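Working through the structure, step by step
Given next are the chains, with one letter for each unit.
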Amino acid sequence: MADAAGSQPTNSDLPLVEVLVTPDCPHRDAAIALVRRVSAPLAGQVEVRAVQVPDQRTAEQLRFLGSPSIRVNGRDIEPGAELSFEFVHGCRLYQGAHSLHGLPEEDWLRHALRNAEVQP
């Protein structure tokens, strides 16, 4: 897993999907599995990286909205996330259709990948 310093793209031709997590995130594995599942049809056309956010200082530097966070080319996949300015080294919950969830919606990731000019 990359640390926060390793969160820059290594191949600018490929969209970069980052799964940012705290060391003890209970949704880490499920978030990585979600990214792999959604990006599987893109075999070789997307770079996937897990990034550990070790502390609050790093969370603030990375503008981290909580764990897990998924970004495509540096942009959080949750609609409206760019309006959030509370950066935390802790758990993140996502509003689903009927309740809160520990993972973002798969459709958000698909949409972000389409916007990165990659068709899942």
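What you see is a predicted model, and the numbers here were worked out from it, not measured in a lab.

Let's talk about the overall build of the chain
Along the backbone of the chain there are three helices and seven strands. Reading the chain from its N end, one meets helices and strands in the order β-β-α-β-α-β-β-β-β-α. Looking at the chain as a whole, 42% of its 120 residues are labelled buried. Taking all contacts inside the chain whose residues are at least 6 apart in sequence as the whole, residues at least 24 apart take part in 73%. By element, 48% of the accessible surface of the chain is carried by carbon and sulfur atoms, the whole surface being about 6700 Å².

Things to note about unusual backbone geometry
The omega torsion across Ser 67 and Pro 68 is 0 degrees, close enough to zero to call that bond cis. The topology assignment puts Pro 68 in the loop between helix H2 (56-61) and strand S4 (69-72). Despite not being glycine, Arg 63 has its phi angle at roughly 55 degrees, a positive value. Tracing the backbone shows Arg 63 in the loop between H2 and S4. In this model, Asn 73 sits at a positive phi of 50 degrees, which is unusual for a non-glycine residue. Relative to the helices and strands, Asn 73 resides in the loop between S4 and strand S5 (75-76). When its relative accessible area of 44% is taken as the criterion, Asn 73 is described as partly exposed.

Some words on the pattern of salt bridges
Applying the stated criterion to the full structure yields seven salt bridges. Put simply, Glu 106 and Arg 110 hold a salt bridge, and the shortest N to O gap is 2.9 Å. Of this pair, Glu 106 and Arg 110 both sit in helix H3 (residues 106-115), four residues apart, which is roughly one turn of the helix. Judged by relative accessible area, which is 25%, Glu 106 ranks as partly exposed. Residue class for Arg 110 comes out partly exposed when judged on its relative accessible area of 27%. Via salt bridges that share partners, Arg 37, Glu 106, Asp 107 and Arg 110 belong to a single interconnected network.

Conventions adopted
In every chain, residue numbers begin from 1 and rise along the written sequence. Residue-level local features of this predicted model are given only where pLDDT is at least 70; pairs of side-chain atoms are given and counted only at 80 or more, and the full residue set underlies all totals for whole chains, interfaces and linings. Each side-chain value is derived from all of the structure's non-hydrogen atoms; neither hydrogens nor water enter the calculation. Here a strand is any run of E in DSSP of at least two residues, a helix any run of H or I of at least four, and the numbering for each starts at the N terminus. Accessibility here uses a 1.4 Å probe with only protein chains present; expressed as a share of the type maximum, an area under 20% marks a residue as buried, one over 50% as exposed, and anything in between as partly exposed. Contacts are residue-level and defined by heavy atoms, with any inter-residue pair within 4.5 Å sufficient. Note on areas: Shrake-Rupley, 1.4 Å probe, and residue coverage restricted to the protein chains presented here. The salt bridge criterion pairs a side-chain nitrogen of Lys or Arg with a carboxyl oxygen of Asp or Glu, the two atoms within 4 Å.

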